[in-house]
Amino acid sequence: MRIGYVIHRFPWPSETFISREVADLIALGHDIRLYAFVRPTGKDEELLSDQARGLMAQTRYITPKEAMLALPSLDTLKMLGEERRLAATPTSPTNRPGRLGRAAALAKLARADGLDRMHAHWPYATSCVHLASVATGIDYSVSVHAHEVAHDNGHFPVCFERLRFASFCNRAAMEHLLAKLPPQARDKAHLVYHGVDVSAFPFQPPAPPPPPLKVLSAGRLTASKGFDRLVAGCAEAARRGLNVELTILGRGAETEALTAQAASLGFADRFHLPGWVPHGEVRGYIRDSHAFALLASDDFNDGLPNVVVEAMASGRPVIVSPLPAAREIVDHGKNGFVLDAVDDLEGLIRILNTLAAEGATDEMAQAARRTVVEGYDAADLIKIQSRLLLEGTE
């Protein structure tokens, strides 16, 4: 079976889980053809791993010019009625001629490349694949991520009529979307966590005991990640006498604001922003930390960030806000901590003080590792995705 993977922008530094998924499927023997609409350039390209660069070299990019040239085709005529259905319930603005053109170009490539199945990541690619499927009759499936179930979900009622299956990255996201769809949609929904490579994130011995207590966080520096709350909480803990340092890995629009916030709270000398760190170097930062914390918004901007799972695999206690999927992996007090609210700074400070005084117990560290090995090992989860792609059912 020849499968066309279609991703809006690929490969992307902050979406290493997609690159790993594709690479793992190829390693399992799948015949994968890659298609994308946006290729990384500049700093985004510089940050790619060798694996991602190899996949980029194999990717067929459908350019805006190619999309426009594909518009006046018979495939476009076949897709027009369905495109109007998709456009009737949008949740994000879309250049409709551009989408039609890309779908028509994809349909042409799908035939030429002899695809038996298409699989899409992210809403725009899903819409294009849906339209190309209408034109060609080729089956398709999708991977669904947390953000889109709440913030970009208008296409799903139409797409679920046709798609073969949808794999969800966490149960909370799956249930949130299924509540908005007809009951029969559940038959097509499958839970497939992203997981982590547990061999790449082995159990780490405890860091040297505090002081200082070293707290790590990571992600795109955007408002939804709640890094400002984390800075405020650690700064207040320091003001009350706790010797704590905070390191946040990543880049984004909030960089200057976070630096200014730390300075205004008298926390600048204990706050570190190394910038974007290659994925292979993250485990070194985890090794040197006592805990990983993420106080992201609980409105489905985030599902279950992979770096949380990587920290747990390494045997580090995690402190997370009540993300919709948090309790799918974090058992409060046993393998990590879930705050009562995204702005529960007093709860954060209590946990930090406890960790500074007592350290993470070996039992908690082992429980965190065991949780990941038993339920979030990417080597096991990719086999589920593989079966779904081949058969459409588990």
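Residues numbered from 1 in each chain as written. Predicted model: local features only at pLDDT ≥ 70, side-chain atom pairs only at ≥ 80, totals over all residues. Heavy atoms only, no water.

Undergrad: Talk me through the overall build of the protein chain; I want residue IDs and the actual numbers.
TA: For the protein chain, the helix and strand inventory stands at 17 helices and 13 strands. Its C-alpha atoms give the protein chain principal-axis dimensions of about 70 × 40 × 40 Å. When the 394 residues of the protein chain are sorted by exposure, 55% land in the buried category. Of all intrachain contacts in the protein chain linking residues separated by at least 6 positions in sequence, the fraction that spans at least 24 positions is 75%. (Helix = DSSP H or I, 4+ residues; strand = E, 2+ residues; numbered from the N terminus. Buried < 20%, exposed > 50% of the residue type's maximum accessible area, 1.4 Å probe, protein only. Contact = heavy atoms within 4.5 Å.)

Undergrad: Go over the packing of helix 6 (residues 96–112) against helix 7 (residues 123–136), please, and point to the residues and values.
TA: Viewed as axis vectors pointing N to C, helix 6 and helix 7 meet at an angle of 55°, and their least axial separation amounts to 8 Å. Here helix 7 runs oblique to helix 6, going by the angle between their axes. The element helix 6 and its partner helix 7 pack so that their crossing is right-handed. The residues of helix 7 that touch helix 6, namely those facing G98, R99, R102, A103, L106, A107 and R111, are Y124, S127, C128, V129, L131, A132, A135 and T136. Looking at the contact of helix 6 with helix 7 residue by residue, the class counts come to nine nonpolar, three polar and three charged. (Axes fitted to C-alpha atoms, helices over the stretch in contact; angles between N-to-C directions. Parallel < 35°, antiparallel > 145°, perpendicular 65-115°, else oblique. Left-handed = near helix turned anticlockwise from the far one by under 90°. Nonpolar A, V, L, I, M, F, W, Y, C, P; charged D, E, K, R; others polar.)

Undergrad: Pulling in residues and values, what's your account of helix 14 (residues 306–313)?
TA: In an α-helix, one full turn covers 3.6 residues, which means residues spaced three or four apart are oriented alike. Taken across its eight residues, helix 14 has eight buried, putting it largely inside the fold. All of the buried residues in helix 14 are N306, V307, V308, V309, E310, A311, M312 and A313. If you follow the buried residues of helix 14, they end up packed against helix 1 (16–27), strand 8 (213–218), helix 13 (279–287), strand 11 (291–294), strand 12 (318–320) and helix 16 (362–375). Of the residues trailing helix 14, G315 is marked for its positive phi of about 85°.

Undergrad: Describe helix 3 (residues 50–58), and please don't skip the residues or the numbers.
TA: Within the sequence span of helix 3, burial applies to A52, L55 and M56. One side of helix 3 holds all its buried residues, which, seen down the axis, span an arc of 105°. Of the residues in helix 3, the exposed ones pointing more than 90 degrees away from the buried face are D50 and A57. Looking at the buried side of helix 3, the elements it contacts are helix 1, strand 2 (31–38), helix 2 (42–46) and strand 3 (59–61). (Arc of directions from axis to C-beta.)

Undergrad: Quick rundown of the pattern of salt bridges? Include the residues and the values.
TA: Inspection of every chain in the model, using the stated rule, returns 19 salt bridges. Where salt bridges share partners, they join E236, R239, R240 and E346 into one cluster. (Salt bridge = Lys/Arg side-chain N within 4 Å of Asp/Glu carboxyl O.)

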